[in-house]
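Remarks on the overall topology
Okay, here's what each chain looks like letter by letter:
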Amino acid sequence: MIYDLKNEVDFLAYKYLEGQDDKVLFNYLHDLDAKVRTIAGKVIQLRGSDELFEKVIGLKNTKTYYLREICAFILGQFKTTRQDFLAQIPVVLLELSKDNSISVKTTAMYALGHFYGYHPMSLSLSEIDKQVKDTLLSYSTHHLSSVRVSCAFALSGLPDEKVVRDTLNQLLDDECSEVSEWAEVSLEILDDRLTKQSIDE
């Protein structure tokens, strides 16, 4: 489980971990407390060191589900300008979005939404982008509402195409209110992006 950081204790813990070196920081990802793992993950995201990237990528095949989960969480918002790193991230997240663990699957889907929010797909999709798009769209009818919620969020990172809008419009009528709320937010994000593009042109 990934936690939002909300109180002063969380902030103090963040500041403490911020002062640790890469090795110590990475070790906190193995902590049994999900909140500790989340805080360490956030620090790693912003630190964006090459060494930490390689270590985080290495967690994708671990047998421990929460380590695969924190791997997905970190990669979705990992701060780097290295193109070779950026090319690896959607490949790993796509793999994790097919994980048997629902928490890993949904975290990877959220991470894909974050990743493509910062690194938009081009209209001429690469093979990996096409696979990501097809996979996310396929989850719109998943039997678990938590997966559909993640899908509704992640679709905002896809190109503004008819199939994406049609899927989000279908999710607006989902029996789960959280799904429909995120579908509405994602449609608003697509609209805002379209408005910005027209202004820039």
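Refer to the preceding data block for the structure.
Notes on the structure in this doc start here. Every chain begins its residue count from 1, and numbering advances along the sequence as written. For a predicted model such as this one, the threshold for reporting local features is a pLDDT of at least 70, and the threshold for listing and counting side-chain atom pairs is 80 or more; totals across whole chains, interfaces and linings nevertheless cover every residue. Based on all heavy atoms of the structure, the side-chain values leave hydrogens and waters out of the count.

1. Section: the pattern of salt bridges
Opposite charge on two side chains makes pairing possible when the charged atoms of those side chains draw close. Within this document, salt bridges are pairs made up of a side-chain nitrogen of Lys or Arg and a carboxyl oxygen of Asp or Glu, the two lying within 4 Å of each other. Following the criterion strictly, the structure yields 14 salt bridges and no others. Where arginine 82 meets aspartate 50, a salt bridge forms, and the shortest distance between an N and an O atom there is 2.8 Å. One end of the pair, arginine 82, is in the loop between α5 (65–76) and α6 (83–96); the other, aspartate 50, is in helix α4 (residues 50–57), with 32 residues separating them in the sequence. The classification of residues rests on relative accessible area computed with a 1.4 Å probe and restricted to protein chains. Under 20% of the type maximum is buried, over 50% is exposed, and intermediate values are partly exposed. Among the residues examined, arginine 82 registers a relative accessible area of 33% and is labelled partly exposed. Across the pair glutamate 51 and lysine 55 runs a salt bridge whose closest N-O atoms are separated by 3.6 Å. Of the two residues, glutamate 51 and lysine 55 both sit in helix α4, four residues apart, roughly one turn of that helix. Residue class for lysine 55 comes out partly exposed when judged on its relative accessible area of 27%. Each member of the salt-bridge network shares a partner with another, and the members are Asp50, Arg82 and Asp84. Here a helix means four or more residues in a row that DSSP labels H or I, a strand means two or more in a row labelled E, and each is numbered from the N terminus.

2. A look at helix α3 (residues 34–47)
For α3, with 14 residues, the first-to-last C-alpha span of 20 Å sits near the 20 Å given by 1.5 Å per residue. Residues of α3 that are buried: Ala34, Arg37, Thr38, Ile39, Ala40, Gly41, Val43, Ile44 and Gln45. Any two residues whose heavy atoms approach within 4.5 Å are treated as being in contact. Where α3 is buried, its residues contact α1 (8–18), α2 (22–27), α4 and α5. Throughout this description, a polar contact denotes any pair of N or O atoms lying within 3.5 Å of each other; where both atoms belong to protein, one of them has to be capable of donating a hydrogen while the other can accept it, and for residues adjacent in sequence the pair is counted only when both atoms sit in side chains. Between the side-chain oxygen at the start of α3 and the backbone nitrogen of lysine 35 there is a gap of 2.8 Å, and the oxygen is on aspartate 33. Positive backbone phi, at 60°, marks glycine 48, one or two positions downstream of α3. Between the first and last residue of a helix there are one fewer steps than residues, each counted as 1.5 Å, and that sum is the expected span.

The values reported here are purely geometric and, on their own, carry no functional implication.
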